[in-house]
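Coordinates in review
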Amino acid sequence: MQPIKLLAKLTTKTLNLTGTFGGSGQDVIDWRTAAHALAGLPSCPTNWAYFRYVGEETRLNRVVRSLTMHITLFVKIRQYKIKPETLNGIVLASVYEFVQPVCGECDGSGLAPGQKATNLDALICTKCHGTGRKPLSNRRRCRIIGIGHKSYTSAHDEVTKELLRLISEWESAIFKNIRLKMGDEAA
Ligand SMILES: [Zn+2]
């Protein structure tokens, strides 16, 4: 598969969800292609790639573990008081946000259409805040977290943003790796 086709597939595919994460990918990448394209990536983005794009849902546990480890430290540094079960809910809601359909404003790029590259902040799509996915409503997010939507604090929101940032970072690493591994086959 050509890298451009593979990338197109990666950015437009959405998992067919039953329940929260129960569905299997309907348009998943062949594992041989994936193994080649993902070789050399660190373990966190690798687990994410296999979960998100190859349809290996058993990787979700490892994804959740990595996110939880990262965010527990973040919460400690910021001295937020968040219950473990709430934190777990925020992690799941953030993963859920990334399996949403592609944002209609930026077509999944996460970048604001027609912006000049003078100011980095101005480049980020204002609708999805750079995630490239349709944003989750606060009500929906709180339902996944298991709290009332009025109980969603600014600390909860900071944690959500940090998780979305981390997953975006994994996705950039994945795309970069794919270009690197498959670029030589483009011609
Ligand atoms: Zn967007």
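Residues numbered from 1 in each chain as written. Predicted model: local features only at pLDDT ≥ 70, side-chain atom pairs only at ≥ 80, totals over all residues. Heavy atoms only, no water.

1. Details of the overall build of the protein
Rules: Secondary structure follows DSSP: runs of H or I at least 4 residues long count as helices, runs of E at least 2 residues long count as strands, and numbering of each begins at the N terminus. Buried means the residue's accessible area, taken with a 1.4 Å probe over protein chains only, is under 20% of the maximum for its type, while exposed means over 50%, and partly exposed covers the values in between. Contacts are assigned to residue pairs that have any heavy atoms within 4.5 Å of one another. Using the Shrake-Rupley algorithm and a 1.4 Å probe, accessible areas are obtained, with residue cover drawn only from the displayed protein chains.
Scanning the protein from N- to C-terminus turns up 8 helices and 0 strands. Ordered by position in the sequence, the α and β elements of the protein form the string α-α-α-α-α-α-α-α. A burial count over the protein gives 44% of its 187 residues as buried. Of the contacts formed within the protein by residues at least 6 apart in sequence, a portion of 69% connects residues at least 24 apart. Here the protein has roughly 10,400 Å² of accessible surface; of this, 53% comes from carbon and sulfur atoms.

2. Comments concerning the side chain of Glu162
For the record, the criterion: Whenever a nitrogen or oxygen atom comes within 3.5 Å of another N or O atom, the pair is scored as a polar contact, on the condition that within protein one atom can donate a hydrogen and the other can accept it, and that pairs from neighbouring residues in sequence are kept only if both atoms are in side chains.
Relative to the helices and strands, Glu162 is located in helix α8 (residues 154-182). A polar contact of 2.8 Å, which involves the side chain of Glu162, links it to the side chain of Arg165.

3. Quick notes on the packing of aromatic side chains
Under the convention used in this document: Stacked, tilted and edge-to-face are the three classes assigned to paired rings of Phe, Tyr and Trp, where Trp is represented by its six-membered ring and a pair needs centres within 6.5 Å; plane angles under 30 degrees give stacked, over 60 edge-to-face, the rest tilted. By the criterion adopted, a ring carries a charge over it if an Arg CZ or a Lys NZ lies within 6 Å of its centre and within 35 degrees of its normal.
For the structure shown, the criterion picks out 4 aromatic pairs. Between Trp48 and Trp170 the ring centres are 6.2 Å apart and the planes differ by 50°, which places this aromatic pair in the tilted class. Taken as a pair, Trp48 in helix α3 (residues 43-52) and Trp170 in helix α8 lie far apart in primary sequence, 122 residues in all. In this pair, the class of Trp48 matches that of Trp170, namely buried. When the ring of Phe74 is compared with that of Tyr80, the centres are 6.4 Å apart and the planes differ by 65°; the resulting orientation is edge-to-face. On the basis of relative accessible area, Phe74 is assigned to the buried category, the value being 13%. Among the aromatic side chains, those forming a connected cluster through ring pairs are Trp48, Phe51, Phe98 and Trp170. For the cation-ring pair, Arg59 lies above Tyr50, with the distance from its terminal atom to the ring centre recorded as 4.4 Å.

4. Notes on the coordination of the zinc ion
Ideal values differ by geometry: the angle at a metal is 109.5 degrees with four tetrahedral donors, but 90 or 180 degrees with six octahedral donors. In plain terms, the rule: Only nitrogen, oxygen and sulfur atoms within 2.8 Å of the metal, or 3.2 Å for Na, K and Ca, are treated as donors, and water is left out, so sites may look incomplete. Here a site with four donors is tetrahedral if all angles are between 85 and 135 degrees, and a site with four or six donors is square planar or octahedral if opposite donors are over 155 degrees apart and the other angles are between 65 and 115; anything else gets the irregular label.
Coordination sphere of the zinc ion, protein contribution only: Cys103 (SG), Cys106 (SG), Cys125 (SG) and Cys128 (SG), at 2.3 to 2.4 Å. Metal-centred angles of 103 to 114° between the 4 donor atoms at the zinc ion mark the site as tetrahedral. When the donor residues of the zinc ion are listed from N- to C-terminus, their spacing reads C-x2-C-x18-C-x2-C. With respect to class, Cys103 is no different from Cys106; both count as buried.

5. Side note on α3
Each α-helix winds once per 3.6 residues, and so residues spaced three or four apart point in a common direction. Burial analysis of α3 places 8 of its 10 residues in the buried class, which makes it a mostly covered element. Looking at α3, one finds that the buried residues are Pro45, Thr46, Asn47, Trp48, Ala49, Tyr50, Phe51 and Arg52.

6. Some details on the packing of helix α5 (residues 84-98) against α8
Put simply, the rule is: Fitted lines through C-alpha atoms give the axes, limited to the stretch in contact for helices. The angle between two N-to-C directions lies from 0 to 180 degrees. Reported orientations rely on four angle classes, namely roughly parallel under 35 degrees, roughly antiparallel over 145, roughly perpendicular from 65 to 115, and oblique for the rest. For a crossing to be left-handed, the near helix must be turned anticlockwise from the far one by less than a right angle; the clockwise case is right-handed. In the scheme used here, Gly and all other residues not listed as nonpolar or charged are polar, with Ala, Val, Leu, Ile, Met, Phe, Trp, Tyr, Cys and Pro taken as nonpolar and Asp, Glu, Lys and Arg as charged.
Remark: α5 packs on α8, axes separated minimally by 9 Å, with the N-to-C direction vectors making an angle of 45°. As the angle between them shows, α5 and α8 are arranged oblique. Note on packing geometry: the crossing formed by α5 with α8 is right-handed. Facing Thr86, Leu87, Ile90, Val91, Ser94, Val95, Glu97 and Phe98 of α5, the residues of α8 in contact are His156, Val159, Thr160, Leu163, Leu164, Ile167, Ser168 and Glu171. Counted by class, the contact of α5 with α8 contains 9 nonpolar, 5 polar and 2 charged residues.

7. A look at unusual backbone geometry
The bulk of non-glycine residues show a negative phi, and the bulk of peptide bonds are trans. Backbone geometry places Gln79, a non-glycine residue, at a positive phi of 55°. Assignment of secondary structure puts Gln79 in the loop between α4 (60-78) and α5.

8. Considering the environment of Cys128
Here Cys128 is to be found in the loop between α6 (120-123) and α7 (138-145). On the basis of relative accessible area, Cys128 is assigned to the buried category, the value being 1%. When the C-alpha positions of Cys128 and Cys106 are compared, they lie 8.3 Å apart, and in sequence the two are 22 residues distant. Discounting residues that sit within four places of it in the chain, Cys128 has contacts with Cys103, Cys106, Gly110, Arg133 and Pro135.

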